[in-house]
Amino acid sequence: MGRGARIALGLAVSGGLLALVLWPLDLAQAWARARAASPAALGLALGASLLVLIARSVRFHALTAGATRGQVIAAIAVQNFLLRITPLRAGELSLPWLLRQASGESAARTLVALVLVRLADLCVLLVAAMAAGLAWFGAGEGGTLVALAVGAVALLLALIRFRQVVRLLLRLARGTASLARVHDKAVVRKVFSRLDEALADGERLSRRQWLTVAIGTLVVATLQFALFAALLAAFGSTPDLRQLVVGASLAQITGALPVTTVGSFGTHEAGWIGGFVWVGMPLQEAALTAVATQVVTLAFAGLFAAPAAWRLAATSRRAGHLSPR
C-alpha cells in the first residue's frame with residue numbers, strides 16, 4: 001500500500017471511530033460543559049502534563065550515551081506531538097532521528113531503548129487496570145481480568161527476556177526483507193548491523209539504568225493518572241479512583257496500538273469509553289470526557305513541541321550532526 005493510501009485509510013479509520021464516539025453525544029451539552037471548564041483544574045492538568053514529559057525524559061536519558069537531558073526533553077516533546085498526528089504511530093521513529101541530529105546519538109540504540117520503555121509502560125498499565133478492576137468488581141469480571149493478567153505477564157516476560165525477544169523480531173524482519181528481496185541493499189544491511197550493535201551494547205545496561213527505567217515508568221504512570229484526574233475535574237467529572245485507573249489505563253493501551261489511524265484519534269476514545277463504561281460511567285459522560293481529554297492533551301503536546309522544535313533545530317545547526325550514522 002502506498003503512502004497516500006495509508007494516510008487515506010488512517011483518516012478513514014480515525015474518522016469512523018470518532019463518528020461512533022460522537023454519535024451518543026449531546027453536542028449542546030458538550031459545548032456548555034467545555035465553556036464551563038475550570039481554569040484552575042486545566043492549569044493543574046497542564047502542570048501534570050509537563051511533569052509527565054520531564055519524567056519520561058529523565059527515564060529515557062538514563063538509556064542514552066551522549067545526549068544531554070535538555071536534548072532528550074526537547075526530542076521527546078516533539079516526538080510526542082508527532083506521535084499524536086501521524087498514522088500507524090510513525091511519530092515514534094522521529095525520536096531516533098531527532099536525537100541523532102541534535103547530539104549524534106546512535107539511532108539504533110535509541111530505537112532499542114524506545115521499544116524497552118514502551119513495553120514497560122504497557123506492562124504497568126495492564127497491571128494497574130487489572131488491580132483497579134479487581135478492586136472495583138471483585139471476582140465478578142473474572143474473564144476480562146484474567147485477560148489483563150495474561151497480557152501483563154506476557155509483557156513482563158518480554159521485558160525479562162528483552163534482548164532475546166528483540167533478536168527474534170530482528171530475525172523475522174530479516175526473513176521479511178529476504179522475501180521482499182531487499183536484504184542485499186546497503187541501507188538494509190546497515191540498519192540491521194546497527195541494531196545488532198545496539199542490542200549488544202544494551203546487554204551492558206547497569207542495575208542503576210534498569211532501576212531508573214522501573215521507577216521512572218511507575219512515576220510516569222502515576223503522573224498520567226493525575227493528569228487525567230485533573231482533566232476530568234476540569235469538565236465536572238469526578239469518578240472513583242478505581243474507575244479512573246481502569247478507564248485511563250485502557251485508553252492509553254488502545255491508544256498505543258499500531259493500528260491504521262491518525263495518531264491516537266479514535267483508539268484513545270474507544271479505549272476510554274470502553275474502560276469507563278465497563279466500570280459504570282454513563283456512556284454520554286464517557287464520550288464527552290474522551291473527546292475532551294484527547295483535544296486538551298493534544299493542545300498541551302503542541303504547546304510543548306513548538307519551543308522544543310526550535311531548540312532542537314538550533315542545537316542541530318551548532319552541533320553539525322547532519323550526516324546519518
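Residues numbered from 1 in each chain as written. Predicted model: local features only at pLDDT ≥ 70, side-chain atom pairs only at ≥ 80, totals over all residues. Heavy atoms only, no water.

**Student:** Please clarify how the overall build of the chain should be interpreted in this entry.
**Tutor:** The helix and strand inventory of the chain stands at 13 helices and 0 strands. From first element to last, N terminus to C terminus, the chain shows the α and β order α-α-α-α-α-α-α-α-α-α-α-α-α. Residues classed as buried in the chain amount to 47% of the 325 residues present. When contacts within the chain are restricted to residue pairs at least 6 apart in sequence, long-range pairs at least 24 apart make up 77% of them. (Helix = DSSP H or I, 4+ residues; strand = E, 2+ residues; numbered from the N terminus. Buried < 20%, exposed > 50% of the residue type's maximum accessible area, 1.4 Å probe, protein only. Contact = heavy atoms within 4.5 Å.)

**Student:** Which parts of the structure should I look at to understand empty space enclosed by the protein?
**Tutor:** Over the atoms rolls a probe the size of a water molecule, and its path tells where empty space is left. This model, assessed by the stated rule, comprises 2 cavities of 30 Å³ or more. Within this model, the largest cavity holds a volume of roughly 770 Å³. Lining the largest cavity are 36 residues, with Arg56, Asn80, Leu83, Gln224 and Gln252 positioned closest to its centre. Listed by contribution, the elements that provide at least two residues to the lining of the largest cavity are α3 (39-61), α4 (69-85), α6 (107-137), α10 (207-234), α11 (241-255) and α13 (283-319). The residue makeup of the lining of the largest cavity, split by class, is 19 nonpolar, 11 polar and 6 charged. (1 Å grid on protein atoms, 1.4 Å probe; cavity = no way out; pocket = protein on both sides within 12 Å on 5 of 7 lines; lining within 4 Å. Points joined across faces, edges and corners; volume = space filled by probe spheres on them. Nonpolar A, V, L, I, M, F, W, Y, C, P; charged D, E, K, R; others polar.)

**Student:** Which parts of the structure should I look at to understand a nonpolar patch on the surface?
**Tutor:** On the surface, Leu50, Leu51, Ile54 and Val58 cluster together to form a nonpolar patch covering roughly 280 Å² of accessible area. Take Ile54: it is sitting in helix α3. By relative accessible area, which is 33% here, Ile54 ends up partly exposed. (Patch = residues over 30% accessible without salt bridge, like charges linked within 9 Å, V, L, I, M, F, W, Y side chains within 5 Å. Areas by Shrake-Rupley, 256 points an atom, 1.4 Å probe, with all protein chains shown as cover. Salt bridge = Lys/Arg side-chain N within 4 Å of Asp/Glu carboxyl O.)

**Student:** Honestly, the packing of aromatic side chains in this entry has me stumped. Any pointers?
**Tutor:** Each pair of aromatic rings is reported with the distance of its centres and the angle of its planes. Counted by the stated rule, this structure contains 3 aromatic pairs. Here the aromatic rings of Trp272 and Phe276 are separated by 4.6 Å at their centres, their planes lie at 45 degrees, and the arrangement is tilted. With a gap of 4 residues between them, Trp272 and Phe276 both fall in helix α12 (residues 267-278), about one helical turn apart. We note that Trp272, like Phe276, is buried. Following the ring pairs from residue to residue traces out a cluster consisting of Phe228, Trp272 and Phe276. (Phe/Tyr/Trp six-rings, centres within 6.5 Å; stacked < 30°, edge-to-face > 60°.)

**Student:** Would you explain α3 in this entry?
**Tutor:** Count 3.6 residues to each turn of an α-helix, and residues three or four apart come out pointing the same way. If you check α3, its first and last C-alpha atoms are 33 Å apart, about what 23 residues at 1.5 Å a residue would give, namely 33 Å. Turning to α3, its buried residues number three or more, namely Ala41, Ala45, Ala48, Ser49, Val52, Leu53, Ala55, Arg56, Ser57, Arg59 and Phe60. (Expected span 1.5 Å × (residues − 1).)

**Student:** Quick question: what am I supposed to make of the environment of Ala309 here?
**Tutor:** Along the chain, the position of Ala309 falls in helix α13. On the basis of relative accessible area, Ala309 is assigned to the partly exposed category, the value being 37%. It is 9.6 Å that separates the C-alpha atoms of Ala309 and Gln79, two residues lying 230 residues apart in sequence.

**Student:** Honestly, the nonpolar core in this entry has me stumped. Any pointers?
**Tutor:** If you look at soluble globular proteins, the nonpolar side chains tend to sit buried side by side. Of all hydrophobic cores here, the largest spans 73 residues; its most connected members are Phe60 and Trp272. For this core, the element with the most residues is α6, which contributes 14 residues. Once residues lying within four places of it in the same chain are set aside, the contact partners of Trp272 are Phe228, Leu232, Gly247, Ala248, Ala251, Ala286, Thr289, Ala290 and Thr293. (Core = buried A, V, L, I, M, F, W, Y, C linked by side-chain atoms within 4.5 Å.)

**Student:** Sorry, what's going on with the pattern of salt bridges here?
**Tutor:** It is possible for side chains of opposite charge to pair when their charged atoms get near one another. In total, this model carries 7 salt bridges according to the counting rule given. Two residues, Arg118 and Asp121, come together in a salt bridge whose shortest N-O distance is 3.7 Å. Separated by 3 residues within a single helix, Arg118 and Asp121 lie in helix α6, roughly one turn from each other. Salt bridges sharing partners connect three or more residues here, namely Arg56, Arg59, Glu92, Arg118 and Asp121.

**Student:** When you look at the confidence of the model for the chain in this model, what are you seeing that I'm missing?
**Tutor:** It should be kept in mind that the predicted coordinates are not to be read in detail where pLDDT is low. For the chain, the mean per-residue pLDDT works out to 84, and 81% of the residues sit at or above 70. Confidence, expressed as mean pLDDT per element, reaches its minimum in the chain at helix α1 (residues 3-22) with 59 and its maximum at α3 with 97. (pLDDT = per-residue confidence, 0-100.)

**Student:** How should the packing of α6 against α11 be read in this particular structure?
**Tutor:** The relative placement of two packed helices is expressed as an angle between their axes plus a distance between the axes. Where α6 contacts α11, the axes come no closer than 8 Å and their chain directions differ by 145 degrees. Here α6 runs over α11; the crossing is left-handed. Only Arg242, Gln243, Val245, Val246, Ser249, Leu250, Gln252 and Ile253 of α11 make contact with α6, whose side of the interface consists of Leu122, Leu125, Leu126, Ala128, Ala129, Ala132, Gly133, Ala135 and Trp136. Considering only residue class, the contact of α6 with α11 consists of 12 nonpolar, 4 polar and 1 charged. (Axes fitted to C-alpha atoms, helices over the stretch in contact; angles between N-to-C directions. Left-handed = near helix turned anticlockwise from the far one by under 90°.)

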